[in-house]
Amino acid sequence: MPNKDSVIVILAAGKGTRLKSSFAKVLHDAGGRSLIDSVVRACLPLGAKKIVAIVGHQAEQVAAAVEPLGVQSVLQQPQNGTGHAVLVAKRVIGNAKTIVVLPGDAPLVRKETLKALIAAHRSGNAAATILSAVVSDPSGYGRILRKSENSVAAIVEDSQLTADQREINEINSSIYCFSAAKLWPALAQVKPENKHREIYLTDAIAVLASKGETVLAQVAPDAREVLGCNTRADLADVDRIFRDRKREELMNAGVTIQLPETVLLGPDVSAGEDSLLEPCVQLLGKTKIGARCMIRTGSVLNNAILGDGVMVEPHTVIAGSRLDDNVIIGPFARLRPGVHLKKGAKVGNFVEMKKSTIGDGSKVPHLSYIGDTKIGSHSNIGAGTITCNYDGVQKYPTTIGNRVFVGSDSVLVAPVKIGDGAYVAAGSAITENVPPNALALGRNRQTVKPGWAAKKRREQAAENRPKKSARRKSRPKKSRSRRKR
Ligand code: UD1
Ligand code: MG
């Protein structure tokens, strides 16, 4: 491992006042991950001895978010600035030779950029190397004050800029590489001389430069990588860039995306060659799409696993479910977690399912609720069929065999089993098991009364006809005044 003498320190104790939020800034999401999660993931491939997160606001939650990634947390209480944050980690950093510092709120940085920064720091034999960026709108960021083309004199915070310095468009990303032996004495000299009375890490740069130490600034190849998230607008910008990157990744893998800017993809999503995503599709969580699938407009898939050649018609919502090759689903279908649609199965419009398995080639084409159910292969479930899986206290299973035909508008009251090859008559309420190859009729036999309706209408008409006496009474009286004339 090349960086075993290095410790990475991620600054994540700040509140993020400008976000106006009750959650710590670094726990906010962009691109489908928390800010700090993305930062840690960029650092992991560097192979450092340790990754340390400085936590303060919502310390427990932030520590819990990074712990699964092998990150150790150090509490900074109170938060007296970015320099103070590094100081509180001194003991944990121990005798590391190199300290890489990153802010927890700039999640777009790539591992390649970090590797290049460390390499430049080493080859330049520097006390500090800053990752800088040249941007069109530098407002809000600290500016890099260069001594010469190759060396830095200071970083000046936005609030402390002179009118001339305001023109500088090379900004501090807050990502640095320090030689530990040089950083500690420099930080010890930094005074909290700013309006927030904080110890700024940026001030250590001027201290090092004034001592004649080598301070370098390496310009990031893509300025967007250093975008920090201080406001909701920053979060939206960063989110947009992550989503762009992910769509590009899928397109490079052979996926067609129509109107890509309308398609939202989570970071862990994958899709196979020649699959097509129509506009306004969302693929979230660990959704995995096979080859030659079509996900039509308005569909939202979260943790869905699709085989090859699956057709998802418009406005279908799928969560935590598995669809094998050549399944057809939707439009307007909803799969809640735990559904498995086997090869060639068909689920049609306005069908809701949960915790159910639908066998090869079976069809539930219209207006059904199927819950806690197992359906064999090549069965047909008629329109409007409902599995009554819940008695208000407990859930019960329904088992339907192979080549079963359930007539429309049937209710199957669980627990119940319908054997292979059985028929259920339309409109049945099935409360008992149906043996294989049987016909179950769970409804009253129809009675027909010839002429009943015509007779009824005649009676109604007679009833509504005004009575003779009533007719007389209601006849309008002739106007006397008129007669007089
Ligand atoms: C900081 C830099 C600025 C740079 C910008 C890049 C300083 C003084 N300024 O400004 O030069 O252009 O980042 O995005 O460093 N934090 C702590 N403890 C603290 C204070 C902050 O852990 O006591 C953490 C925050 O949680 C955050 C990071 O440090 O993740 C940076 O702090 P922030 O307040 O965002 O600094 P900026 O104003 O963005
Ligand atoms: Mg910031």
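Throughout this document, residue positions are counted from 1 along each chain, in the order its sequence is written. Each chain is given a letter, starting from A, and each ligand a number, starting from 1, according to the order in which they appear as written. Reporting of local features is limited, given that this is a predicted model, to residues whose pLDDT is at least 70; pairs of side-chain atoms are given and counted only at 80 or more, and all residues count toward the totals for whole chains, interfaces and linings. By convention in this description, side-chain values take in all heavy atoms of the structure and omit both hydrogens and water.

A look at the environment of cysteine 229
Which entries qualify depends on this criterion: Note on conventions: DSSP H or I runs of at least 4 residues are helices, E runs of at least 2 residues are strands, and numbering of each starts at the N terminus. For the exposure calls, accessible area comes from a 1.4 Å probe over protein chains only, and a residue counts as buried if that area is under 20% of its type's maximum, exposed if over 50%, partly exposed in between.
Tracing the backbone through its elements, the reader meets cysteine 229 in the loop between β11 (215-219) and α8 (232-252). Residue classification places cysteine 229 among the buried positions, given a relative accessible area of 0%. The sequence separation of cysteine 229 and isoleucine 289 amounts to 60 residues, and the corresponding C-alpha distance is 32 Å.

Describing the site of ligand 1
Which entries qualify depends on this criterion: Nearness is judged by heavy atoms alone; a residue qualifies as near a molecule or strand once a single heavy atom is within 4 Å of it. Whenever a nitrogen or oxygen atom comes within 3.5 Å of another N or O atom, the pair is scored as a polar contact, on the condition that within protein one atom can donate a hydrogen and the other can accept it, and that pairs from neighbouring residues in sequence are kept only if both atoms are in side chains. All accessibility values rest on the Shrake-Rupley procedure with a 1.4 Å probe; residue burial counts only the protein chains present in the view. Both cavities and pockets are sets of points on a 1 Å grid over the protein atoms alone; in a cavity a 1.4 Å probe fits but cannot get out, in a pocket the set is open with protein on both sides within 12 Å along at least five of seven lines, and lining residues sit with an atom within 4 Å of a point. Molecule-in-pocket calls rest on the fraction of atoms, with more than half required to lie within 2 Å of the cavity or pocket grid points. Residues are sorted three ways: Asp, Glu, Lys and Arg are charged, Ala, Val, Leu, Ile, Met, Phe, Trp, Tyr, Cys and Pro are nonpolar, and all the rest, Gly among them, are polar.
In the region of ligand 1, 24 residues are neighbours, and Gly14, Gln76, Gly81, Glu157 and Asn172 sit closest. One nitrogen or oxygen atom from the main chain of glycine 104 is found 3.3 Å from an oxygen atom belonging to ligand 1. Here glycine 142 contributes a backbone N or O atom positioned 2.9 Å from an oxygen atom of ligand 1. Out of a free accessible area of 750 Å², ligand 1 has 91% covered by protein chains. The site holding ligand 1 turns out to be the largest pocket. A per-element tally of the shell around ligand 1 places strand β10 (residues 170-179) first, with three residues. Residue classes in the shell around ligand 1 are distributed as seven nonpolar, 13 polar and four charged.

A look at helix α1 (residues 35-43)
Taken across its nine residues, α1 has eight buried, putting it largely inside the fold. Taken together, the buried positions of α1 are occupied by Leu35, Ile36, Asp37, Ser38, Val39, Val40, Ala42 and Cys43.

Here's the deal with the packing of aromatic side chains
Basically, it comes down to this: Side-chain rings of Phe, Tyr and Trp, where Trp is taken by its six-membered ring, are said to pair if the distance between their centres is within 6.5 Å; with planes under 30 degrees apart they count as stacked, over 60 as edge-to-face, and otherwise as tilted. Criterion for a charge above a ring: Lys NZ or Arg CZ within 6 Å of the ring centre, and within 35 degrees of the ring normal.
Counted according to the given criterion, the structure contains three aromatic pairs. When the centroid spacing of 5.3 Å and the interplanar angle of 5 degrees are considered together, the rings of phenylalanine 332 and phenylalanine 350 count as stacked. Of the two residues, phenylalanine 332 is situated in the loop between β24 (328-329) and β25 (334-335) and phenylalanine 350 in the loop between β27 (346-349) and β28 (352-354); the sequence distance between them amounts to 18 residues. Here phenylalanine 332 falls in the partly exposed class, since its relative accessible area comes to 42%. The ring of tyrosine 390 carries the charged tip of lysine 395 above its face, separated from the ring centre by 5.0 Å.

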